Amino acid sequence: MTGNPPVPGSASGPVAGSASGPVAGSASGPAPGPASGPVPELFTWEFASDPYPAYAWLREHAPVHRTRLPSGVEAWLVTRYADAKQALADPRLSKNPAHHDEPAHAKGKTGIPGERKAELMTHLLNIDPPDHTRLRRLVSKAFTPRRVAEFAPRVQELADGLIDRFAATGSADLIHEFAFPLPIYAICDLLGVPREDQDDFRDWAGMMIRHGGGPRGGVARSVKKMRGYLADLIHRKRAALPLEPAPGEDLISALIRASDHGEHLTENEAAAMAFILLFAGFETTVNLIGNGTYALLTHPEQRERLQTSLAAGERGLLETGVEELLRYDGPVELATWRFATRPLTIGGQEVAAGDPVLVVLAAADRDPERFTDPDTLDLARRDSQHLGYGHGIHYCLGAPLARLEGQTALATLLTRLPDLRLAADPAELRWRGGLIMRGLRTLPVSFTPPVSSGDNGPSPTQK
């Protein structure tokens, strides 16, 4: 969640963008030959539907490529796996926007809209060691394998409760009725947001992931509302904090306890940490569930293999399958912003100090130099060392929880709704705008209602 997490792009949505600037060969593979034709148009609505052909062109002809983004910011796109892995772990590429040598027109156009004004900048996506090391250590305890395993029954309860609400109808939009609310409620529980407030968080989060689909300034307003709520919640929890932590103490209480017992966590840091964990803890999983389900529905032979495996009580194919879905059409298209602190070379290309660098995870994870038949979905793939959750010190802290949610969601859908099918022409589906994330706006499906589906059931926040 917090390495290369779900942060909306600086653009409000795909628009016709130009790709220009110098290109050079890659040290990690054969040097590109002369470009065959013009650079593909990037960041259009057509590109958003299927960016992989354009990324294949860039990998071959311009693996480290400077382009002007829809926001007007110029940045380097890194598309080959070896170069991407190097860049993700390179300490000369800072996460701190202070290192961006930005012209006036680009001021504040990187990162999350509204986070500067809301004083939420001091989170894991915007800082480097030693502060990054200190803050990451404070939250890492919430995402240990043991803590995640303890959380598994709640995730299963959420998945079943959400399906209960639409199972009798025989149809659903899996994004809005399943993939979106499941991780929102899960991360709210983990943070310690009271159940009666979680629907407010769902509304704010919904505005955030709409990107260009909502009213102008909607994201910034939602960020401001969330900031105000978190500040109040931190004050309330601090006032009621017991002397000793209870087993399974919520994460916000743990952050307060750390700030009160020698870890020197400021109030702004605590609020920013809670904000980014919530923000980074849901959109990645929304897209993992949505993209993953869509991939299975459009690859029936792979879906049948997985259903057969689940029916036999096996989990091996589910585990490798989720990794393959993360590689094949992952939830994070581009890693979050990095800025060169001094001149450096990536893939043979000179990058100046202050330049933004965006690692294109979607391109790297389909690099034929690293993966056999990279454009083929194979749930049993064993060489899936994908970069979907990043690499290096910024590797996604919440990856274990996201994997649990993804595995639980897909297994529950395929088991409870065995004849699940796409209820729209794939060409009619639309992908959300934004620079960093890759996810569907809607995913209409139909299925045979289970015989004993019952009524629509209570809200998951009321269980």
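For the structure, see preceding data.
A brief look at the structure comes next.

Turning to the overall build of the protein, a few remarks are in order. Counting its secondary structure elements, the protein contains 16 helices and eleven strands. Buried residues in the protein amount to 59% of all 463 residues. If you take every contact in the protein between residues at least 6 apart in sequence, the share linking residues at least 24 apart comes to 76%. Carbon and sulfur atoms make up 53% of the accessible area of the protein, which totals about 17,900 Å².

Within this structure, the stated rule accounts for ten aromatic pairs. Residues Trp-337 and Phe-339 carry aromatic rings whose centres are separated by 6.3 Å and whose planes lie at 5° to one another, so their mutual orientation is stacked. What makes Trp-337 buried here is its relative accessible area of 6%. When its relative accessible area of 1% is taken as the criterion, Phe-339 is described as buried. The structure contains a cluster of three or more aromatic residues connected by ring pairs, namely Phe-43, Phe-47 and Tyr-55. Cation over ring: Arg-327 sits above Phe-371, and NZ or CZ is 5.4 Å from the ring centre. Its guanidinium or amino end placed over the ring of Tyr-52, Arg-366 lies 3.7 Å from that ring's centre, counting from NZ or CZ.

Our next topic: the pattern of salt bridges. Following the criterion strictly, the structure yields 21 salt bridges and no others. Of the charged contacts in the structure, one is a salt bridge between Asp-378 and Arg-305, with a shortest N-O distance of 3.5 Å. Of the two residues, Asp-378 sits in the loop between α15 (361-364) and α16 (399-416) while Arg-305 sits in helix α13 (residues 300-311), which places them 73 residues apart along the sequence. Overall, the relative accessible area of 26% leaves Asp-378 in the partly exposed class.

Thresholds applied
- Residues numbered from 1 in each chain as written.
- Predicted model: local features only at pLDDT ≥ 70, side-chain atom pairs only at ≥ 80, totals over all residues.
- Heavy atoms only, no water.
- Helix = DSSP H or I, 4+ residues; strand = E, 2+ residues; numbered from the N terminus.
- Buried < 20%, exposed > 50% of the residue type's maximum accessible area, 1.4 Å probe, protein only.
- Contact = heavy atoms within 4.5 Å.
- Areas by Shrake-Rupley, 256 points an atom, 1.4 Å probe, with all protein chains shown as cover.
- Phe/Tyr/Trp six-rings, centres within 6.5 Å; stacked < 30°, edge-to-face > 60°.
- Lys NZ or Arg CZ within 6 Å of the ring centre and 35° of its normal.
- Salt bridge = Lys/Arg side-chain N within 4 Å of Asp/Glu carboxyl O.

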